[in-house]
Amino acid sequence: MRRLFKLILNRVVIFGVALLLQLAWFLVILVRLSSYSVFISIGLTILSVLVSLWLINKDENPAYKLAWIVPILLAPLFGGLLYLMVGNKKPSRKLRKRLEAVGAETDCYYTQGDSLLPEIEAQNPYVAGQMRYTEEVPGYPVCKNTTGRYYELGDTMFPDMLRALEEARHFIFMEYFIVGEGRMWNSILEILERKAKEGVEVRVIYDDMGCVSLLPMGYDWYLEQKGIKCMAFNPFVPLWSLVMNNRDHRKMLIIDGHTAFSGGVNLADEYINEKVRFGHWKDTGFCLHGDAVWNYTLMFLQMWHGFRREKEDFRAYMPHVWHPKPFSSDGYVQPYGDSPLDSEVAGENIYLNILNQAKRYVYIFTPYLIIDNEMQTALCLAAKRGVDVRIVTPGIPDKKVVYQLTRSSYPPLLRAGVRIYEYTPGFLHAKSYVCDDEIAVVGTINMDYRSLYLHFECGTYFYQSSLVGQVKEDADKTIGKSREIQLSDTRQGFFGGLVCAVLRVFAPLL
């Protein structure tokens, strides 16, 4: 405990000294340059014009460009300089190089024999096209020999997670955006400590910014003392962490290479309704058992080795190492990850492809609906050509500004025929698509700019799996508990509309 206190004190002192030096430097600069104010003003204005032109020509989402061009034009003296300081939303160069190097080294591990694409092509060429994209561009193969179970609530998923942890014999990998002390995490931690003492390899990754108000500083070191290997993703640095937008938003628990849990459920008590924050917390998840777990294992190992350059043979963690018997098969399963390291917005593209290829219906769960023009167009076009498009969002918000942004997206969708529901009992945190009784996607990817462009995310695409029917059944029940929104419900008056218009301009930066 004394060592932890010293660690915290050292960090605070270092940060305080650095901040004072920075302020002193700025004061010196301001005093010395005050006599050159006219030239500085002209130079900064030219800089803002150049940054605006560079943004226009940049290969990036137009909404993100607009969100920066507007403040640059409104404040040309400092707008361009501000963008150069905090506007680059990509991860740090050091982080990119680390993860790209590990990805290049481990790409070969994704190969699992002959591709299943020709087999799927004979059944549904549209689905085969989608799976080919995910297999060849983000690089995640489609698998058989996998079964899945869907959970309508974190409450029902949690006991199975504990049971699976108790059955672990060789290794446990966990990667979560939020870990919060309470009944859920404490119950898991008790098992992890015991398993580590028994010789089971336990590794944990948590997002330091996601846990900044939930865990004590230096919690990774605390877990290491218990025999649990731990890594805090992007350690929190005051002020600077507000600029570094990239978070590890993934949720995954992997056991012995053959069992994995994922979905929207984090490791905090509200996710299992042990603590009430915004009414009833509706979340979803799933468990995989079989070959497809390998995609999740490699996602975890790539993230781990991006920070800890340890030599090890990844093949030691493959599904059949500790499960020599054949796995049962239930349709086609394709877990995939999305990363801000590349220019490929895989999460959004998979959602868009589902909407563009839907024939009868698409039902969507999302806690936030802050979408760009491409997604709005796809939703509207699907509805206009007769597809039954339904979206369920929270009835009780967790963030009021984001809730207003979500509601400001309703009018054009409603006018196009999209049906929107708000989950009356409370907050809906689930992220899923289900389409035409054939396809479902369940994962961590919200329909907002952060999830689609800035975060490390994961999801699983199911085709001809019994899990698809389970997602559809849950969607029907959830819609039955929700209030359908009419166009008249979205009227906000002149000032309300003006506020929402401003919020929508800056939505990519929120």
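Scroll up to find the structure.
Keep in mind that what you see is a predicted model, and the values were worked out from it rather than measured. (Residues numbered from 1 in each chain as written. Predicted model: local features only at pLDDT ≥ 70, side-chain atom pairs only at ≥ 80, totals over all residues. Heavy atoms only, no water.)

Peer 1: Lay out the state of the cysteines in plain terms, naming residues and giving numbers.
Peer 2: Counted according to the given criterion, the structure contains zero disulfides. Its sulfur unpaired, C211 is 9.2 Å from the next cysteine sulfur, which belongs to C230. Residue classification places C211 among the buried positions, given a relative accessible area of 1%. (Disulfide = S-S within 2.5 Å. Buried < 20%, exposed > 50% of the residue type's maximum accessible area, 1.4 Å probe, protein only.)

Peer 1: So what about unusual backbone geometry? Which residues, and what values?
Peer 2: The residue N145 is not glycine, and still its phi comes out positive at about 50°. Relative to the helices and strands, N145 is located in the loop between α7 (125-136) and β1 (146-151). (Helix = DSSP H or I, 4+ residues; strand = E, 2+ residues; numbered from the N terminus.)

Peer 1: Go over helix α14 (residues 373-384) with me, naming the residues and quoting the values.
Peer 2: With twelve residues, α14 ought to run about 16 Å at 1.5 Å a step, and its terminal C-alpha atoms sit 16 Å apart, in line with that. Of all the residues in α14, the buried ones are M375, Q376, A378, L379, C380, A382 and A383. Immediately downstream of α14, the backbone of G386 shows phi near 100°, a positive value. (Expected span 1.5 Å × (residues − 1).)

Peer 1: Describe the pattern of salt bridges, naming the residues involved and giving the relevant values.
Peer 2: Inspection of the entire model under this criterion finds 26 salt bridges. We note a salt bridge from R203 to E201, for which the minimum N-O separation is 2.5 Å. As far as burial versus exposure is concerned, R203 and E201 are alike and both buried. Among the salt bridges present, the one from K282 reaches D474, with a minimum N-O distance of 2.8 Å. Highlighted residues: K282 in strand β7 (residues 280-282) and D474 in helix α18 (residues 466-480), separated in sequence by 192 residues. The same class applies to K282 and to D474, which are both buried. Members of the salt-bridge network, linked through shared partners, are E201, R203, K229 and E312. (Salt bridge = Lys/Arg side-chain N within 4 Å of Asp/Glu carboxyl O.)

Peer 1: Can you break down the nonpolar core residue by residue, with the values?
Peer 2: In terms of nonpolar packing, the biggest core is built from 144 residues, with I188, L192, L379, Y433 and Y461 touching the most fellow members. Examining the composition of this core, we find that nine residues originate from one element, helix α12 (residues 293-307), more than from any other. Each residue touching Y461, except ones within four places of it in the same chain, is listed here: V127, Q130, M131, Y332, V333, Q334, Y336, I350, I354, I439, A440 and V441. L55, Y64, W68 and I72 belong to the second-largest nonpolar core, a separate cluster that totals seven residues. (Core = buried A, V, L, I, M, F, W, Y, C linked by side-chain atoms within 4.5 Å. Contact = heavy atoms within 4.5 Å.)

Peer 1: Tell me about the pairing of strand β6 (residues 259-263), residues and numbers included.
Peer 2: Burial analysis of β6 places five of its five residues in the buried class, which makes it a mostly covered element. Here β6 shows no split at all, with T259, F261 and G263 on one side and A260 and S262 on the other all buried. Note that strand β5 (residues 251-255) and β6 share four bridges and pair antiparallel. Bridging from a neighbouring strand, M252 pairs with S262 of β6. In this structure, the hairpin formed by β5 and β6 is closed by a connection of three residues, where D256 is found at a positive phi of approximately 55°. Bridge count between β6 and strand β8 (residues 285-290): five bridges; the pairing is antiparallel. Bridge assignment links S262 to a residue of β8, and that residue is F286. (Pairing = 2+ DSSP bridges.)

Peer 1: Explain the sheet that holds β1 residue by residue, including any values.
Peer 2: Pairing is mixed across the open sheet formed by seven strands, whose spatial order is β1-β8-β6-β5-β2-β3-β4. Two strands in the sheet have a free side with no partner beyond their single neighbour: β1 and β4 (229-233). Across the sheet, the mean angle from the axis of one strand to that of its neighbour is 10°, orientation sign disregarded. Sheet topology note: the strand β2 (residues 171-176)/β5 ladder contains five bridges and is antiparallel. Along β5, the bridge assignment pairs F173 with I254. The sheet strands contacting α12 are β2, β3 (201-207), β4, β5, β6 and β8, and the helix crosses β3 at an angle near 75°. (Axes fitted to C-alpha atoms, helices over the stretch in contact; angles between N-to-C directions.)

Take it as geometry only, folks, not as evidence of what the structure does.
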